[in-house]
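Examining the three-dimensional arrangement
Here is what each chain is made of, one letter per residue.
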Amino acid sequence: MFPPFPQEEAFAVCKKIIDALEHGILQLEQVGKISAERSGQGIMIGVAVCQKADGTSVILNTVSGISKKIKGSEAAGFGIFVEPIVSAEKIESALEKNDFQIHQLTEKINLLKKKRKRPDGKFENQTEEEIQLVKQRSFLCDESLKKVFGLYSFHCADGKIRSLLEICRKTQNTLPPTGTGDCCAPKLLDFAFKNNFSVKSMAEVFYGKNNKFRVNGKLCEPCDERCALILPEMLGLEILYQDEDIVVVNKQSGLLSVPGRGPEKQDCIVNRLKKLFPQCIPQPSVHRLDMETSGILVLALNEDSHRNLCKQFEEKKVQKRYIALIDGKLPEKFSKNGTMELYFRVDIENRPHQIWDEIYGKNAVTEWNWIDEEIYSSPDGTNRLCTRILFIPHTGRTHQLRLAAADIHGFGVPIIGDTLYGHCEKGERLMLHAEFLSFIHPATGKLMEFSCPASF
C-alpha cells in the first residue's frame, strides 16, 4: 500500500527512537503474551508527526502488535505512546470461551492425521471423522475471531467511528486476517483523528534482527494484507500516490469528485483531500469522474501543479482508459474494436442529461476494444449476459462513455447500473471504472502512469 502521508519527518523520529532503544535510553516493555511463532521476529515502530487544532506540533509513536510498548518515550522527547486499539486482556477474554475446546479438537485432528501417515511418508485420505472435526474447529475459530474483531473500532477523518466488522462487510464481506488493527498506521491515525490532529508525516520502520523480508531500521510501507483494508475507510480516500505536488486517488463509486450545490453535496473527493492535507489549495481538482464512476483521479496540492495539469488535460496530453460492463452483447454491426464520433449537448429541460445534436452538439470521440462476454450476477441473484469493454476517450465530454454505450448512435446498449441512460437495480452501481491514467509530473517532468483494476 502506498504511504498516505509524507514519510521523511516521521522517519527521522523513528531512527532516533531505534537509536535510543539500542543505547538503553528507551526500553521495549513486554506487556502481554507473545506467541512462540512470533518470538524473536522483531516489530514495527511507527511515528506520526501531527498538528493540533491550535497549530502546535505533537509526535505520536507506537509499535505493532499488542504485546509490547515503548517505555519512557514522552519523557525522552519522543512524544505520546499510542496504546493498542484493543488491549491484550480484552482479546484473551474474547478467546477464552472456545480456546480449550479448540485445543482439544486440534489434538484429536493431529492424532487422526498421524494414523493416516504411511511408511513412505505420504498420507491416506482424511476420514469422515477427521473432516467433521476440522469443520467444527473452523466454526469455533471463526466464532472466536468474530468476537475479537467485534472489539475493534476506529476514529476516522470525517469524525465518525467505524467498526472493523462494518469495514469488512463493506469492502470484502469476509473476516480479515488475524492481527488486523494491530499495525502501527491504524493505531496512529485512530489516536490522531480522535483528538482532531492533522497528520503531517507518518512512517513505519522495522526493528529487530534482519531476515529475508525485513531489514533493521528500514522504512516500510503500510501492509497490503491488513492496512490496505482499513486505512482507506479511515482516511475516506484510497491514496495511490502522493508527494508535495500531487495526490492520486482511486475514487469510489457513489462519491462526488467536487462539491455540488447545497450542504448535502459537500462530501466529495476534494473536501476529503483538503481535510487530510490542510496545505492544499482551495480548488485542487483538474478533472472529474461522474459520481457513479469509480477510478483514478489526480489532484494538485499547489497552484503551479494545478496550472500545469489543467494545461495537459486541455492539450489532450493525458492518457485515460476505462473498463465498462455493457448490459448485453455488443451489436453485430460493430467490430471488436474501433472509434466512434458522436455529438451531444446538455438537455436544457432535463439536466444533467445529454442529448444527440449533430448541429449544436460537441463532438465526443471514443475508441473501444471488446474484451469478452461474461455472466453478470445482479444484486437480486439473477444472472445475465454482459460484455466487458475497454473505452479510450480522446475527448472529455460530459457522460461521453455512458452515451457511447447507451445512445442509439453508439452501441445502443447501456452500461449496467446507469441511472441516467439505462437501468439501475437496488444495490447496484454503475459498472464503469477509470483503470488507467498517465500524465507528466508537473514538477519533475517524469512520466507518471497509474493502473487500478476494476472491482467488478
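Right above here is the structure, for reference.
Structural notes, computed from the coordinates.

What counts as what
- Residues numbered from 1 in each chain as written.
- Predicted model: local features only at pLDDT ≥ 70, side-chain atom pairs only at ≥ 80, totals over all residues.
- Heavy atoms only, no water.
- Helix = DSSP H or I, 4+ residues; strand = E, 2+ residues; numbered from the N terminus.
- Buried < 20%, exposed > 50% of the residue type's maximum accessible area, 1.4 Å probe, protein only.
- Contact = heavy atoms within 4.5 Å.
- Areas by Shrake-Rupley, 256 points an atom, 1.4 Å probe, with all protein chains shown as cover.
- Pairing = 2+ DSSP bridges.
- Core = buried A, V, L, I, M, F, W, Y, C linked by side-chain atoms within 4.5 Å.

Re the overall build of the protein
Across its full length, the protein carries 9 helices and 19 strands. The principal-axis extent of the C-alpha atoms belonging to the protein is close to 75 × 65 × 40 Å. For the protein, with 456 residues in total, the buried portion stands at 46%. The contacts in the protein between residues at least 6 apart in sequence include a share of 63% that link residues at least 24 apart. Per element, the accessible surface of the protein, about 23,900 Å² overall, is 50% carbon and sulfur.

Focus: the environment of Phe 439
Tracing the backbone shows Phe 439 in strand 18 (residues 432–440). When the C-alpha atoms of Phe 439 and Ser 305 are compared, they prove to be 12 Å apart, with 134 residues separating the residues in sequence. Setting aside its immediate chain neighbours within four residues, Phe 439 contacts Ile 246, Val 248, Val 298, Leu 309, Gln 312, Val 318, Lys 446, Leu 447, Met 448 and Phe 450.

Some thoughts on the sheet that holds strand 5 (residues 80–81)
With mixed pairing, the 5 strands of this open sheet are ordered in space as 5-3-2-8-9. Single-partner strands in this sheet number two, and they are strand 5 and strand 9 (219–220). Relative to strand 5, strand 3 (residues 57–63) runs parallel, the two sharing 2 bridges. Pairing of Leu 60 across the sheet is with Ile 80, part of strand 5.

Let's talk about the nonpolar core
Ranked by internal contacts, the top residues of the largest apolar core, which has 84 residues, are Leu 60, Leu 189, Phe 277, Phe 391 and Phe 411. Examining the composition of this core, we find that 6 residues originate from one element, helix 6 (residues 227–235), more than from any other. When residues no more than four places from it in sequence are discounted, the contact partners of Leu 189 are Phe 5, His 155, Val 199, Met 202, Leu 231, Met 234 and Leu 235. By size, the runner-up hydrophobic cluster in this structure holds 19 residues, among which are Ile 17, Ile 45, Phe 81 and Val 205.

A word on the environment of Ile 246
The topology assignment puts Ile 246 in strand 11 (residues 246–251). When the C-alpha positions of Ile 246 and Tyr 421 are compared, they lie 34 Å apart, and in sequence the two are 175 residues distant. Apart from the residues within four sequence positions on either side, Ile 246 is in contact with Tyr 241, Val 298, Leu 299, Leu 301, Ser 305, Leu 309, Phe 439, His 441 and Pro 442.

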